[in-house]
Amino acid sequence: MVLHDAPSLIPFPSSVQLGEGSVPLGSVRLTGDPDTVALLGAELEALLGRDAVSSTGTTRIAFGIDETRGSAEGYALDADDEGIRITGHDAAGLFHGTRTLLQLLRRGERPGDADGERDRSVPEVRIEDAPRFRYRGVMLDVARHFFEVADVERWIDRASSLKYNHLHLHLTDDQGWRIHIDAWPQLTGAGSGGDATGGPGGFYTKDDIRRIVAYAAARHMTIVPEIDLPGHTHAVGLGYPDLVELPAITEANIREAAALNQPLPVHGVHYAAWGVGHSSVKIHEERTYELIRDVLTEVAELMPGPYLHIGGDECLGTSAADFALFFERAGRLAAATGKTPVAWHEAGAVEGLVPGMIGQYWGSVVPEDGHAAHARRFVERGGALILSPADRAYLDMKPRADHPRGLAWAGIVPLRTAYEWDPAAVLEDVPAAAILGIEAPLWTESVATLAEADGLAFPRIAAHAEIGWSAQNGAERSWRSFRARVAQLVPAWEASGIAVDRAAVDDDPEQDDVRVPQPRINPASAPSTEETA
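> Describe the sheet that holds strand S13 (residues 340-344), listing the residues and the values that go with them.
The strands that make up a sheet pair up through hydrogen bonds in the backbone, lying either parallel or antiparallel. If you walk around this closed barrel you meet the 8 strands as S7-S8-S11-S12-S13-S14-S15-S16, and the pairing is parallel. Across the sheet, the axes of successive neighbouring strands diverge by a mean angle of 30°, strand direction being ignored. Bridge count for strand S7 (residues 135-141) against strand S16 (residues 435-442) is 6 bridges, and the pairing is parallel. Among the inter-strand pairings, Tyr135 is bridged to a residue of S16, identified as Gly437.

Dropping the structure here:
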């Protein structure tokens, strides 16, 4: 077994200088920024034991903010014989520094380790770090399968541990409407009671959303809500059938439904299947825009973040003229809330795109069918781009053909494929400054639980975290280094209750000298991943 000599940190920092000794953390005291002390204190107590953290602890961990050092979200971490000091350029940078400290502490951890077997120390080290992109997102589709608030919070914990700073919640789709709207109560009253596979569905109250927003904010993550329009709106028709067109069923829909043994959509009836492109709101009905205005206004009021996603993808039964008419107006309604509108790249076909709108590119890493031109339209109109190429960044694509979850319409995406791409090289004639960042979406047609989400996301979610944070030409920005570091982090992820797809680390026959450390546990007495997640 070969162990790479770089510390097992993901994403890898800008600069790492390792010393020769280590700093003990069996007894620590935390000083400085009170929010950081409270959050990290609870995390350290969970890892080290309640007695390890006190006001009289031996090793001092000090937290501070110095805006003159580094850049946005950056931090410096020093661990030496005087203790540990984490200094953030801002509060977000300070938080990211604590995530690095936790990775250093948890190196070598395995499920089943007894307290005496855990290494309660970190290496002496000096780290200086800052992100490559200012937008580093993950998406959770809670429309096709609903996730309770506690599971969304766990997803936030997973993402923020890898320095993601945005969570895109796909709140509405054909299979369910998941956010309560006071002005239009039947959106959830009739439209939330099911999912993509016949389950019970569910929705978030406004207090639920406030709880999610607050939890994310404490971990320096911004919630990006998506109300998908004008397509993906079959669920709207369950409560307001007069505002949704009859399903536009194509031969492709019929073939797919037959192949999957799933039903075709029926107007006004819950849709428990996976087909796309068959639904649309009534674009020429004035009351449609009253609904959209009220929905976007109420959603925007709940979200302190700057972005409001209005969809725009897969409107296959909508004419180009109707799509343009709708999206020009919907874009203006979104902008009127004071938020920056975001849309999938298809909206770039609209000449009158609202200025400053952000485009989210989900085409292939080698663009096809005018997708690149549509994406560039956002930049030409004063906006920017989020890169989510489906054949690299979609977490719901199968990592191998025999994986029990996921889809394969964009191809099989092994860990190495997920890691080896550069957001700046996807779209020609788009300046680097116009790339806001990257996002790794998880669509949930085949995913109904957090453990199932984990099994598709981990470890590929770590690949996209490094792509979004670490410099493309960084010293450790290589597949060989990344794979070795992932292998060493897998046991710590599993100890946290994450159902990691271990086979993904071993899917590269060209590099067979890296192995994931095995847990110190009796399998017969081990809890299941469903129990621990």
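> Account for the pattern of salt bridges, naming residues and giving values.
As enumerated under the stated definition, the model contains 29 salt bridges in all. The shortest N-O distance in the salt bridge between Glu351 and Arg377 comes to 3.6 Å. Of this pair, Glu351 sits in the loop between S13 and strand S14 (358-361) while Arg377 sits in helix H10 (residues 371-380); the two residues are 26 residues apart in sequence, bridging distant segments of the chain. Taking relative accessible area as the criterion, Glu351 reaches 58% and is therefore assigned exposed. The class of Arg377 is buried, set by a relative accessible area of 17%. For the salt bridge of Arg502 with Glu494, the shortest nitrogen-to-oxygen distance reads 2.7 Å. For the pair Arg502 and Glu494, one class covers both residues: buried. Several salt bridges share partner residues, and in doing so they unite Asp141, Arg144, Asp173 and Glu445 into one network.

> Explain the nonpolar core residue by residue, including any values.
Of all hydrophobic cores here, the largest spans 115 residues; its most connected members are Trp155, Leu167, Tyr204 and Trp493. With 8 residues, helix H8 (residues 286-302) is the largest single contributor of residues to this core. Discounting residues that sit within four places of it in the chain, Trp155 has contacts with Val138, Met139, Leu140, Leu167, Leu442, Leu450, Ala453, Asp454, Ala457 and Ile461. The next biggest cluster of nonpolar side chains, apart from the first, holds 29 residues, and it includes Phe63, Tyr75, Leu77 and Leu94.

> An account of the confidence of the model for the protein chain is requested, with residue identities and associated values reported.
Mean pLDDT over the protein chain: 93, with 92% of residues reaching 70 or higher. For the protein chain, helix H16 (residues 529-532) is the element with the lowest average pLDDT, namely 36, and strand S8 (residues 166-170) is the one with the highest, namely 99. Counting contacts from residues 520-533, a segment whose pLDDT is below 50, to residues more than four positions away or on other chains yields 20 contacts.

> Lay out the sheet that holds strand S6 (residues 121-129) with the relevant residues and their values.
The strand order across the open sheet built from 6 strands is S1-S6-S4-S5-S3-S2, with neighbouring strands paired in mixed fashion. The open sheet is flanked by strand S1 (15-24) and strand S2 (28-32), the only strands paired with a single partner. The mean inter-strand angle of the sheet, taken between neighbouring strand axes irrespective of direction, is 20°. Packed on one face of the sheet, helix H1 (residues 34-48) meets S2 and strand S3 (59-65) and runs near 160° to S2.

> Can you lay out the packing of aromatic side chains for me, pointing to particular residues and giving the numbers?
Counted according to the given criterion, the structure contains 15 aromatic pairs. Judged by centre distance (5.3 Å) and plane angle (25°), the rings of Phe323 and Phe327 are stacked. Here Phe327 and Phe323 lie together in helix H9 (residues 320-336), a separation of 4 residues that amounts to about one turn. Consider the rings of Tyr419 and Trp479, whose centres lie 6.4 Å apart with planes at 50°: the pair is tilted. Here Trp479 lies in helix H15 (residues 479-495) and Tyr419 lies in helix H12 (residues 415-419), a separation of 60 residues in the sequence. Side by side, Tyr419 and Trp479 carry an identical accessibility label, which is buried.

> An account of H8 is requested, with residue identities and associated values reported.
End to end, H8 covers 25 Å across 17 residues, agreeing with the expected 24 Å (1.5 Å per residue, within 8%). Taken residue by residue, H8 has Thr288, Tyr289, Leu291, Ile292, Asp294, Val295, Leu296, Glu298, Val299, Ala300 and Leu302 as its buried positions.

> Pulling in residues and values, what's your account of the side chain of Glu153?
Relative to the elements of secondary structure, Glu153 occurs in helix H3 (residues 149-160). Residue Glu153 is classed as buried on the basis of its relative accessible area of 11%. A polar contact of 2.9 Å, which involves the side chain of Glu153, links it to the side chain of Arg211. Ignoring any residue separated from it by four or fewer positions in sequence, one finds Glu153 in contact with Arg211 and Tyr215.

Cut-offs applied
- Residues numbered from 1 in each chain as written.
- Predicted model: local features only at pLDDT ≥ 70, side-chain atom pairs only at ≥ 80, totals over all residues.
- Heavy atoms only, no water.
- Pairing = 2+ DSSP bridges.
- Helix = DSSP H or I, 4+ residues; strand = E, 2+ residues; numbered from the N terminus.
- Axes fitted to C-alpha atoms, helices over the stretch in contact; angles between N-to-C directions.
- Salt bridge = Lys/Arg side-chain N within 4 Å of Asp/Glu carboxyl O.
- Buried < 20%, exposed > 50% of the residue type's maximum accessible area, 1.4 Å probe, protein only.
- Core = buried A, V, L, I, M, F, W, Y, C linked by side-chain atoms within 4.5 Å.
- Contact = heavy atoms within 4.5 Å.
- pLDDT = per-residue confidence, 0-100.
- Phe/Tyr/Trp six-rings, centres within 6.5 Å; stacked < 30°, edge-to-face > 60°.
- Expected span 1.5 Å × (residues − 1).
- Polar contact = N/O pair within 3.5 Å; in protein donor to acceptor, adjacent residues only side chain to side chain.

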